[in-house]
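# An overview of the molecular structure
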Amino acid sequence: MKKLIAFVLLLTLIACAAPQQQRGDTSARTVEPTGNVVDVTIEGFAFNPTELTVNAGDTVRWTNKDSVTHTATGQGFDTGPLNPGQNGEVTFDKPGTYTYKCTPHPSMKGKIIVN
Ligand SMILES: [Cu+2]
């Protein structure tokens, strides 16, 4: 059992260390999550929460609970069309403020602050 725990710890260390080398200049892109996953719900033609603060390396997951297709589209990132019930994830590697909107419904706006 102790060996198993040690092995899992080792794998975790490797998994945490490896993605650092693969990161490029792109401020936000869709990759395997390396940090926390933070949820934004799309419901009633609105992003909830509208404004969200995360840490660099965190992934934001938008889940569409409406009956129409939405997107979360901002500076350097795009979930693409999210059909009802679908979700899309974007990992934010670089600190900054990212405003975004829904492409089919530009009045739907949100903001991600990355520390
Ligand atoms: Cu929309």
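Source: prediction; values computed, not measured.

Conventions and cut-offs
- Residues numbered from 1 in each chain as written.
- Predicted model: local features only at pLDDT ≥ 70, side-chain atom pairs only at ≥ 80, totals over all residues.
- Helix = DSSP H or I, 4+ residues; strand = E, 2+ residues; numbered from the N terminus.
- Contact = placed C-beta atoms within 7 Å.
- Core = buried A, V, L, I, M, F, W, Y, C linked by C-beta atoms within 7 Å.
- Buried ≥ 20, exposed ≤ 12 C-beta atoms within 10 Å, placed from the backbone.
- Pairing = 2+ DSSP bridges.

## Some remarks on the overall build of the protein chain
Assigned secondary structure in the protein chain consists of two helices and ten strands. Residue pairs in contact within the protein chain that sit at least 24 positions apart in sequence constitute 52% of those at least 6 positions apart.

## Description of the nonpolar core
Ranked by internal contacts, the top residues of the largest apolar core, which has 17 residues, are Val54, Val60, Trp62, Phe92, Tyr98, Ile112 and Val114. Of all the elements in the fold, those that place two or more residues in this core are β2 (37-42), β5 (58-64), β8 (87-92), β9 (96-101) and β10 (109-114). If we skip the residues at most four places from it in the chain, Trp62 touches Val40, Ile42, Ala72, Thr79, Leu82, Asn87 and Gly88.

## Notes on the sheet that holds strand β6 (residues 73-74)
Pairing in this open sheet of five strands is mixed, and the strands run β4-β10-β9-β6-β7 from one edge to the other. Of all strands in the sheet, those bounded by a partner on one side alone are β4 (51-54) and β7 (77-78). For β6 and β7, the ladder comprises two bridges, and the chain directions are antiparallel. Residue Gly74 lies in a different strand from β7, and its bridge partner there is Phe77.

## Remarks on the environment of Asp78
Relative to the helices and strands, Asp78 resides in strand β7. Placed 22 residues apart in sequence, Asp78 and Tyr100 show a C-alpha to C-alpha distance of 8.8 Å. If near-sequence neighbours (up to four positions away) are discounted, Asp78 is found in contact with Thr71 and Thr73.

## What about the environment of Thr79?
Residue placement: Thr79 occurs in the loop between β7 and β8. Separated by 18 residues in sequence, Thr79 and Arg61 place their C-alpha atoms 9.2 Å apart.

## Some points on the environment of Ile113
The residue Ile113 is located in strand β10 in this model. The class for Ile113 is partly exposed, based on 14 C-beta atoms found within 10 Å. Along the sequence, Ile113 and Ala56 sit 57 residues apart, while their C-alpha atoms lie 9.4 Å from each other. Excluding anything up to four places from it in sequence, Ile113 contacts Thr53 and Thr97.

## Here we look at unusual backbone geometry
Excluding glycine, most residues fall at negative phi; most peptide bonds, likewise, are trans. A cis amide bond, omega 0 degrees, links Asn48 with the succeeding residue Pro49. Inspection of the secondary structure assignment puts Pro49 in the loop between β3 (47-48) and β4. Residues other than glycine seldom take positive phi values, yet Phe45 does so here, at roughly 55 degrees. Among the secondary structure elements, Phe45 is positioned in the loop between β2 and β3. Residue Phe45 is classed as exposed on the basis of its 12 C-beta neighbours within 10 Å.

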